[in-house]
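Take a look at the letters that make up each chain.
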Amino acid sequence: DTGVSQDPRHKITKRGQNVTFRCDPISEHNRLYWYRQTLGQGPEFLTYFQNEAQLEKSRLLSDRFSAERPKGSFSTLEIQRTEQGDSAMYLCASSLAGPRELFFGEGSRLTVL
Amino acid sequence: QQQVKQSPQSLIVQKGGIPIINCAYENTAFDYFPWYQQFPGKGPALLIAIRPDVSEKKEGRFTISFNKSAKQFSLHIMDSQPGDSATYFCAASWPGSARQLTFGSGTQLTVLP
């Protein structure tokens, strides 16, 4: 499978715990995006990487959120001190520079109890 | 100004019908308007996209109509099938700024057999 893969697919955690999600983009794609999707809503942009550089962050990305893409390949999204409002699907997408199509992974669903 | 407003929230049609989903935007800097299809448990996948220099684009049974002066665009699904039952999102992006997408809130389409 050469699509975007995300891990874990589901995570249940207690409020206050830290969680980390991983995204492996399509291998030749140098752009990587994180989105958050809540029930009944469209995906909301969180952050964007071009290669290893984090070039843009949404105001939705509070200080508790941090994302990395250390070698310009896979990326991680960490949420510290989780809150119930963090419960959502976290989607990763990748693309080539130039073409506009974003290829999404199947997402990591977070439930904060 | 960055919002994309989508309607209706849900839509039920009979097999063979032509569901129409509408979106409106305010930001005249938007220059790329894709539609994404999302099945339960899956990430969104690009269905069809249009740029504002054309008024209509067809790909198979899917057509985008674009009205630049009204700042509106719509998706038409010809000869709809039960397999088209999914959530559809319109989106838009603008030059620069990582080309990240702003999504509408989604339309849940059900095509009855």
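Let me begin by describing the structure that accompanies this report. Quantities reported herein were computed from a predicted structural model and do not represent experimental measurements. (Residues numbered from 1 in each chain as written. Chains lettered and ligands numbered in written order. Predicted model: local features only at pLDDT ≥ 70, side-chain atom pairs only at ≥ 80, totals over all residues. Heavy atoms only, no water.)

Some words on the overall build of chain A
Now for step 1: When you go through chain A residue by residue, the secondary structure sums to zero helices and 11 strands.
Now for step 2: Listing each helix as α and each strand as β along chain A from the N terminus yields β-β-β-β-β-β-β-β-β-β-β.
Now for step 3: By the compact-globule yardstick of 13 Å for 113 residues, chain A fits well, its C-alpha radius of gyration being 13 Å.
Now for step 4: A principal-axis box enclosing the C-alpha atoms of chain A has dimensions of 40 × 25 × 25 Å.
Now for step 5: Taking all 113 residues of chain A together, the buried fraction comes to 47%. (Helix = DSSP H or I, 4+ residues; strand = E, 2+ residues; numbered from the N terminus. Rg over C-alpha atoms; globule rule 2.2 N^0.38 Å. Buried < 20%, exposed > 50% of the residue type's maximum accessible area, 1.4 Å probe, protein only.)

Observations regarding the environment of G41 of chain B
Now for step 1: Tracing the sequence through the fold places G41 of chain B in the loop between β4 (33-38) and β5 (45-50).
Now for step 2: With 24 residues separating them in the primary sequence, G41 of chain B and S65 of chain B have C-alpha atoms 29 Å apart.
Now for step 3: Those residues within four positions of G41 of chain B in sequence are excluded, and the remaining contacts are R9 and E106 of chain A. (Contact = heavy atoms within 4.5 Å.)

Some details on the nonpolar core
Now for step 1: Counting residues in hydrophobic clusters, the biggest one holds 25 residues, and the most contacted among them are F33, W35, F73, L75 and Y88 of chain B.
Now for step 2: Among the elements of the structure, β2 (10-14), β3 (20-25), β4, β5, β7 (62-67), β8 (72-77), β9 (86-92) and β11 (107-112) of chain B are those that each provide at least two residues to this core.
Now for step 3: In terms of residue count, β9 of chain B provides more of this core than any other element does, four residues in total.
Now for step 4: Among the nonpolar cores identified, the runner-up in size contains 19 residues, and I26, L32, F65 and A67 of chain A belong to it. (Core = buried A, V, L, I, M, F, W, Y, C linked by side-chain atoms within 4.5 Å.)

Some points on the interface of chain A and chain B
Frequently, the measure chosen for interface size is the accessible area that the parts lose on association.
Now for step 1: With 19 residues of chain A in contact, the opposing surface of chain B contributes 20 residues.
Now for step 2: Carbon and sulfur atoms supply 51% of the area buried between chain A and chain B, which totals about 1,600 Å² over both sides.
Now for step 3: Of the charged contacts in the structure, one is a salt bridge between E106 of chain A and K42 of chain B, with a shortest N-O distance of 2.7 Å.
Now for step 4: If you look at where chain A meets chain B, you find five residue pairs in polar contact (both at pLDDT 80 or more).
Now for step 5: Listed by contribution, the elements that provide at least two residues to the side of chain A that touches chain B are β4 (31-37) and β5 (44-50) of chain A. (Buried area = accessible area lost by both parts, 1.4 Å probe. Salt bridge = Lys/Arg side-chain N within 4 Å of Asp/Glu carboxyl O. Polar contact = N/O pair within 3.5 Å; in protein donor to acceptor, adjacent residues only side chain to side chain.)

Read these as layout, nothing more, since geometry by itself doesn't imply function.
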